[in-house]
Every structure is written in C-alpha cells, then in structure tokens.
Amino acid sequence: MFNKEKLLSAFTQSLKEMFTVHSHFNQWLEKVGVELTDLQFEKLSRYLSLLKAKNQQVNLTRITETREAWIKHILDSLMAAPFFKKPGMHVADIGTGGGMPGIPLAILFPSAYFTLVDATDKKIRAVEEFARELNLKNIICIQSRIETFAHHLTHREQYDLVTARALAPLRVLVELAVPLIHPYGNVIAYKGPEYISELGMATNAIKTLNAEQPKVFQYSLPEGMGQRSLIQITKKTVSSEKYPRRDGIPSKNPL
Ligand code: SAH
C-alpha cells in the first residue's frame, strides 16, 4: 500500500545520509589532496545506484549497503588520486568488474583517458552502460582477457598508469600489467594487508618484467572498514614480447 509519510521520511533520511556522507567524504579525501565538486559527488552517488540496480541481474559486488559502498568502493577507488600527476593521462583499469576503480577515477579526472577491460562480457556491457548513463566521455570499455589485450600494439606499452583491484596475486598481476605501461609508467595494485607475503612471492616476476622494486602506501579506511595498501610498480625498460604468456598461464604457472 502506498504510504506517503513513510516514503517522505525515507526520502528525508536518505538526503540526510547523503549530506553527511558528502561532507565526511571531502574530509576523508583531504588526505589524498582532492575535493569533489557537487557534480562529481552526484555522479558517484548515481554510479552506486546504477551498480546496485544492475547487481540484481549481474553479479558485480557483494557490498550494497550505502555507507559501506561509499567507503569500500568509492573512497578506496579514489585513493590512487596522487598518481594522476598531469592532465591527459592514459589509464587502463584491468579486471574492472563493475567498474572499479576505473569509473570513480574517471569521474574525478575528466581530462584523463580510461580504458576499462574485463574478460566477462556481461560485466563489461554493464560498465559500458554505466559510463553512458553517467555521460562519461573519457571511458572506453573492452571485453578481453588481459593476456590477449596486452599484445595488441594499440595497447602494449601505451599507458601512463594501469590500475588493478582484486584481479590476481601480485606475481600474476605483474606479468599481466607491466607490459601495458611504457617505461617509467606505473602499475597501481590495490591490496589488503596480505600485501607483505604477496610482495615476497613477486620478486621473480618483478625481475623478469624489468620492473623496479615496488613502493607500498598503506592506509586505513574510515570507520574501521579495514586496512588497505597500494603497491606502485614502475618499469625501467620495454617488456619482453614473451609476456604475458597465453590465456590462463600466468595464474596457472606464475612466474
Ligand atoms: N576490480 C573490480 C573487480 C574485481 S573481480 C573490483 O575491485 O571490484 C576480478 C575481475 O577481473 C573479474 O571481473 C574478472 O572477470 C576479471 N578478470 C580476472 N582475470 C582476468 C583476465 N586474465 N583478463 C581479464 N579480466 C580478468
């Protein structure tokens, strides 16, 4: 039954929640030196609604509670902001899933060009739809395995920055991502507290792909939502044509 008062109260509640989230959000973002405009905040909020709605048909995320999604999805995605050092950067988000961190970063940096890649057709089509609905002209979406994508001349060694969250263990990610950046470009891997053991295991992959020793940036999500880290990997010279190896091999038989 239609209950006008109940509806109104739910609406006021969600507005109130939006307001506190927005003001908190800019405080949290101060740490990484960015401030969202109202339009950017509105787009991020719209993205979360689209994600939640689409999640009914395509499995894109486990997190749908609003506050948790703002922190674990949006804020976390935006933590790579300090790596955007100049306008017009070319960025690939590999294994983007439902569009993270690519979509939030594309909202924050409208002058950067984003290529979002995922092997799953349903997911990449959902992300394409989100980008269209959010009027993000700086995003292209490609359905492909990274092993194949990274051998295309239009993508290989073409990126200033490659981001990857929850894609693969670091040693696998290094093989997939490093060939995409040009020498002195950066790979940014979003990790949890498990990064220490992953770093140890990635020594050989890092050496094989001619990358420099990784740098680690640790942070805590607000409201006790967990420890996270960003691993920055820079490469020194052009990658060998051998890498990444054929589909599935990097994870089946890691370097
Ligand atoms: N980055 C998103 C999704 C993580 S789930 C987030 O943080 O929420 C990992 C995603 O990587 C999945 O959508 C899966 O389809 C994709 N993926 C895994 N291995 C891949 C590969 N080799 N090539 C392309 N996509 C891959």
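For the structure, check the block above.
Residues numbered from 1 in each chain as written. Predicted model: local features only at pLDDT ≥ 70, side-chain atom pairs only at ≥ 80, totals over all residues. Heavy atoms only, no water.

What about the site of the ligand?
Turning to step 1, where the next piece is worked out: Surveying the vicinity of the ligand reveals 15 residues, the closest of which are Gly-95, Met-100, Asp-118, Ile-146 and Arg-165.
Turning to step 2, where the next piece is worked out: Take Met-100: an N or O atom from its main chain is 2.7 Å from a nitrogen atom of the ligand.
Turning to step 3, where the next piece is worked out: Contact distances for the ligand include 3.0 Å between a nitrogen atom and a side-chain N or O atom of Glu-147.
Turning to step 4, where the next piece is worked out: Given that more than half its atoms are within 2 Å of the pocket grid, the ligand belongs to the largest pocket.
Turning to step 5, where the next piece is worked out: Residues belonging to the shell around the ligand are distributed by class as follows: five nonpolar, five polar and five charged. (Near = heavy atom within 4 Å. Polar contact = N/O pair within 3.5 Å; in protein donor to acceptor, adjacent residues only side chain to side chain. 1 Å grid on protein atoms, 1.4 Å probe; cavity = no way out; pocket = protein on both sides within 12 Å on 5 of 7 lines; lining within 4 Å. Sits in = over half its atoms within 2 Å of the grid points. Nonpolar A, V, L, I, M, F, W, Y, C, P; charged D, E, K, R; others polar.)

Focus: the layout of surface pockets
Turning to step 1, where the next piece is worked out: For the largest pocket, the calculated volume is near 790 Å³.
Turning to step 2, where the next piece is worked out: Looking at the largest pocket, it is lined by 35 residues, and the ones nearest its centre are Gly-95, Gly-97, Arg-165, Ala-166 and Leu-167.
Turning to step 3, where the next piece is worked out: For the lining of the largest pocket, the secondary structure elements donating two or more residues are helix 3 (66–78), helix 6 (146–149), helix 7 (170–177), strand 5 (181–191), strand 7 (227–234) and helix 10 (249–252).
Turning to step 4, where the next piece is worked out: Grouping the constituent residues of the lining of the largest pocket by class yields 13 nonpolar, eleven polar and eleven charged. (Points joined across faces, edges and corners; volume = space filled by probe spheres on them. Helix = DSSP H or I, 4+ residues; strand = E, 2+ residues; numbered from the N terminus.)

Some words on the sheet that holds strand 2 (residues 113–118)
Turning to step 1, where the next piece is worked out: In space, the seven strands of this open sheet follow the order 3-2-1-4-5-7-6, with mixed pairing throughout. The open sheet has two edge strands with one neighbour each: strand 3 (139–143) and strand 6 (215–220). Sheet twist, expressed as the mean angle between neighbouring strand axes with direction ignored, is 20°.
Turning to step 2, where the next piece is worked out: Taken together, the six bridges between strand 4 (residues 159–165) and strand 5 define a ladder with parallel strand orientation. Counterpart to Arg-165 in the pairing with strand 5 is Tyr-190.
Turning to step 3, where the next piece is worked out: This element, helix 3, spans strand 4, strand 5, strand 6 and strand 7 of the sheet and lies at about 155° to strand 4.
Turning to step 4, where the next piece is worked out: Strands in contact with helix 5 (residues 121–133) are strand 2 and strand 3; relative to strand 3, the strand with the most contacts, it is inclined by about 165°. (Pairing = 2+ DSSP bridges. Axes fitted to C-alpha atoms, helices over the stretch in contact; angles between N-to-C directions. Contact = heavy atoms within 4.5 Å.)

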